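The chain contents come next:
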Amino acid sequence: MNLKTMTHRVLVVSALALTTPLWAQQSPWKKLEEKPSTLHLESGYVTLPGPALELRLVKASQTVASLKPNAEKGFDFTPGDRLKVRSSDGLYHLGDINLRLRTPGQSDWQAYSSAQKRGDVKTLPATKPAAASADLSPSFPAEFPLEVKRSWEQSGKGWVVRFTLKNKSTQPVEIGSLGFPLIFNNILEGNTLEQAHDRNVFYDPYIGKEAGYLQVTRLHGKGPVLLVLPEGNTPFEAYNPLLDDPTPRGITFEGFHEWMVHSKAHAEKDWSKAQPWNQPTSLTLQPGESKSYGLKLVLAPAIRSIESTLVEQKRPVSVGIPGYVVPQDVNARLFLKYPSAVKSVQVEPAGALSWQVDLATKNGWKAYLIRGKQWGRARLTIQYQDGLTQTIHYKVVKPEAETIADFGNFLTTKQWFEVPKDTFHRSPSVISYDYETKQQVTQDSRAWVAGLSDEGGAGSWLGAMMKQLVVPNQQEIQKLERFVNQTLWGNIQHNEGPEKYGVRKSLFYYQPDSMPPNTYSTAVNYKGWSAWPRKEAESLGRSYNYPHVAAAHWVMYRMARNHRDLVTQQDWKFYLENACQTALGMVKLAPYYAQFGQMEGTVFFLILKDLKREGLTALASELEAAMKKRADLWKSLAYPFGSEMPWDSTGQEEVYIWSYYFGYRDKAEVTLNAILGYMPTLPHWAYNGNARRYWDFLYGGKISRVERQIHHYGSGLNAIPVLTAYRDQPDDFYLLRVGYGGLMGAIANITEDGFGPAAFHSFPSTLENDALSGDYGCGFFGYAVNTTAFLTQHPEFGWLGFGGNVTKSKTDVTLTPTTAARTSVFLASVGLDISLDAGKIEKVTLNPQTKTVTLSLQPATVTTPTAYLRLKTGKQSYHPKKAFAQEREAYVIPLTNQTQTITLVSSAKK
């Protein structure tokens with residue numbers, strides 16, 4: 001068996017081993033097969049050709065059997081390959097409908113579904129534009145008070161599924177909830193990575209009322225993209241998981257959702273403790289009254305064409321700058337494209353945002369200035385003259401500098417664990433935290449959560465370390481250097497012997513037969529597989545633990561090398577060499593999983609760059625050779641995103657970085673496209689730049705369930721390759737929007753007092769942060785190494801700032817960074833990347849005509865008397881007009897007690 005075959009074969013097996021035995025994972029599918037079929041597939045199918053999409057219906061139910069683009073008939077947007085196994089009662093299909101109803105005198109809502117107990121529908125004459133039509137009455141009980149008719153209609157190049165509801169009773173019927181199941185093929189079960197990228201889709205919602213839509217994208221990130229749009233008055237009010245569908249959910253299947261037009265019944269009962277995205281509504285039908293709803297299915301040729309397709313379909317399009325996570329010191333902008341004029345704009349909660357009308361663009365985009373005023377979620381409701389209502393969802397946060405300072409303080413105070421006689425040698429450290437109980441987590445049934453390793457346990461101390469890269473704090477660093485030299489070096493990581501540099505899976509373990517009485521709490525259930533015994537906890541074979549440790553050493557190196565008196569226990573060389581040896585130790589001591597891309601694997605690339613700058617040639621060559629061997633393997637694979645999971649959204653980060661570095665640009669492009677397939681840009685802070693992840697609440701959350709996670713650490717990590725690609729392709733505005741959405745998503749969930757949670761819960765019954773700190777720090781790593789202020793000139797929207805405020809004069813454009821670090825600025829129009837290893841940027845001014853750049857640096861501080869300036873050039877070649885000494889490929893700029901201005905001049909690259 002060659003390595004390629006082994007890699008893909010192990011994807012399913014290794015992932016299942018993390019949860020339950022293989023037989024237990026197979027049994028739900030086997031049970032599903034044994035259920036009696038009620039779709040009556042033997043009655044045949046109805047094939048409806050269309051200009052762009054071929055629609056195939058099950059004859060007996062007129063639900064969708066397949067939906068295939070004409071250009072690629074071998075691909076199906078729906079799980080048609082599992083139609084037979086999913087043909088029993090209770091399994092949803094595209095074309096089904098869910099309702100909750102009540103009549104006068106009833107306090108409880110009655111739930112009904114066309115999927116609950118199927119009967120063959122009554123076929124009705126199909127009159128144009130309908131190609132198929134049916135009465136769904138046989139699928140509802142006798143007491144059901146509505147008549148439900150459904151038709152499939154051709155509309156342009158797409159299809160419309162239309163439902164007409166008529167009150168056939170003698171009394172009013174209130175429709176408290178109305179949902180349309182969205183059944184597309186996101187079932188990864190049993191597929192290799194190649195098969196999954198070829199067969200499967202992911203889908204993301206814009207829960208924006210009548211402007212809402214769903215985008216269904218291929219895993220490989222190429223077109224076509226299926227768009228589900230509202231037809232007529234069919235608002236996208238809520239997005240509800242179909243937890244009653246018996247299709248086995250788990251790490252290979254996230255589950256299905258439904259498009260909810262009305263949600264009052266759910267909000268009153270199932271979601272009563274949550275704050276919904278939109279105001280819940282209901283509709284009352286009088287006797288004999290009818291109401292129609294519909295969804296339109298159309299194709300966009302590519303992901304980057306989604307918004308232009310929406311414009312073609314005369315749907316509202318929104319572009320938020322710099323996105324929808326808005327720090328309070330940022331001058332945000334909003335651009336709207338829709339034929340009808342805006343009638344009114346409403347902010348909820350009142351005063352959470354301020355808005356001001358700006359000049360429309362040359363092609364008629366409506367423009368607004370937006371400022372965040374009140375910390376927390378905010379909803380902008382736009383009413384158009386034609387009656388259409390749109391909601392745009394923002395998250396207002398403190399200025400980034402305050403947010404990051406609060407985060408560092410919380411980690412090094414509330415989460416600082418100082419128990420010198422701790423049984424498991426975890427002191428001193430930054431330990432996991434439960435925000436609900438306001439307590440440190442010193443015991444958990446998942447050993448790693450309390451054991452300072454793995455993502456769910458290392459996340460907090462990793463976040464504390466990376467925070468220092470953004471905003472160094474001397475008191476915090478003093479604590480963290482103790483952690484590195486007393487707890488990490490010699491406990492989490494071996495510091496001697498043949499296994500030197502090996503990283504343990506956990507310091508905490510469950511071995512009651514060899515521990516003193518009362519070591520373990522009786523309130524914790526230690527019966528599961530995750531309560532590792534000592535031998536398992538001491539294993540060095542999980543490669544994913546090594547980047548966390550390497551990052552800690554590397555940050556200490558950067559603090560020691562570029563600042564004065566921040567690090568005192570060891571010199572810079574000790575930390576840099578340890579960082580490198582940790583990377584090499586991963587390859588040596590955890591070789592199996594090291595073949596895969598690692599979350600935070602970017603740190604190995606950053607370590608390599610610093611080794612070369614320091615002249616540590618031998619170590620650099622050894623590290624580069626080890627990384628190239630891994631990249632060569634990835635080059636040989638069609639989709640090199642293997643993991644301990646069947647499919648993952650984190651290995652792409654490192655795969656992209658090394659593929660790009662070693663010149664494997666075709667593989668870098670494959671990787672980038674795959675990221676764009678699961679990382680959308682949408683007018684909603686929760687989904688904009690949100691890299692898909694749906695199982696890590698099981699491993700690092702307090703509410704443990706399979707659920708789409710909002711800005712789990714994948715958002716921050718995947719922003720690294722997306723923004724790296726943008727710097728290389730500064731005319732690709734889409735990359736900037738997606739990447740910056742992920743970057744800000746990494747800090748969107750930090751609480752007002754500085755707690756960093758594992759992720760935000762997307763289920764409408766919750767819609768709040770998880771209470772555990774979990775693996776949050778991994779995403780913060782992505783923010784810390786990638787935070788940049790971007791200045792770009794858009795052909796329609798003009799000069800724009802992402803991470804900074806823009807001002808213009810007759811000759812110049814100035815960007816004042818609002819990032820916490822203020823150490824990096826990218827000027828897209830000239831391709832200039834300005835970064836500081838130490839020091840802070842006050843502002844950058846560009847003269848678009850002369851291409852001259854003026855850089856203003858903040859005054860010196862006690863710990864940062866010198867700035868180290870790096871210039872990476874693209875379209876233009878830049879250098880300081882004044883001569884400065886150079887060290888480690890950086891310009892050495894002595895800082896003074898005043899703002900210092902440096903002129904950068906350019907010459908066209910040869």
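The rules behind the values
Residues numbered from 1 in each chain as written. Predicted model: local features only at pLDDT ≥ 70, side-chain atom pairs only at ≥ 80, totals over all residues. Heavy atoms only, no water. Salt bridge = Lys/Arg side-chain N within 4 Å of Asp/Glu carboxyl O. Helix = DSSP H or I, 4+ residues; strand = E, 2+ residues; numbered from the N terminus. Buried < 20%, exposed > 50% of the residue type's maximum accessible area, 1.4 Å probe, protein only. Core = buried A, V, L, I, M, F, W, Y, C linked by side-chain atoms within 4.5 Å. Contact = heavy atoms within 4.5 Å. 1 Å grid on protein atoms, 1.4 Å probe; cavity = no way out; pocket = protein on both sides within 12 Å on 5 of 7 lines; lining within 4 Å. Points joined across faces, edges and corners; volume = space filled by probe spheres on them.

A. Expanded view of the pattern of salt bridges. Across all of its chains, the model carries 46 salt bridges by this definition. Between Asp204 and Arg708 there is a salt bridge, with its nearest N and O atoms 2.7 Å apart. Remark: Arg708 occurs in the loop between α17 (697–700) and β30 (709–710) and Asp204 occurs in strand β11 (residues 201–206); sequence separation between them is 504 residues. The pair Asp204 / Arg708 is uniform in exposure class, with both members buried. Of the charged contacts in the structure, one is a salt bridge between Asp444 and Arg446, with a shortest N-O distance of 3.0 Å. Across this residue pair, the class does not change: Asp444 and Arg446 are buried. One connected set of salt bridges, linked through shared partners, spans Arg558, Asp610, Arg613, Asp837, Arg870 and Glu889.

B. Representation of the nonpolar core within the structure. Phe184, Trp461 and Ile607 are the most contacted members of the largest nonpolar core, which has 250 residues in total. In contact with Trp461, not counting residues within four places along its chain, are Val430, Leu452, Phe483, Leu488, Ile492, His548, Val549 and Ala552. Counting 27 residues, the second-largest nonpolar core is a separate cluster that includes Trp799, Leu832, Leu836 and Ile893.

C. Region of interest: empty space enclosed by the protein. For the structure on display, the rule yields 13 cavities of 30 Å³ or more. Considered as a void within the structure, the largest cavity measures approximately 70 Å³ in volume. Lining the largest cavity are 14 residues, and of these Ser61, Arg118, Gly119, Val121 and Ser139 sit closest to its centre.

D. Focus on helix α20 (residues 776–786). Counting buried residues in α20 gives 10 out of 11 residues, a clear majority hidden from the surface. Every buried residue belonging to α20 is among Tyr776, Gly777, Cys778, Gly779, Phe780, Phe781, Gly782, Tyr783, Ala784 and Asn786, and all of these are buried.

E. Examining unusual backbone geometry more closely. Here the amide bond leading from Ile321 into Pro322 is cis, since omega sits at 5°, within 30 degrees of zero. Inspection of the secondary structure puts Pro322 in the loop between β18 (317–321) and β19 (325–327). In the segment running from Ser427 into Pro428, the intervening peptide bond is cis, with an omega of -5°. Relative to the helices and strands, Pro428 resides in the loop between β26 (416–417) and β27 (429–430). Positioned with a positive phi, Lys851 is a non-glycine residue whose angle comes to about 70°.

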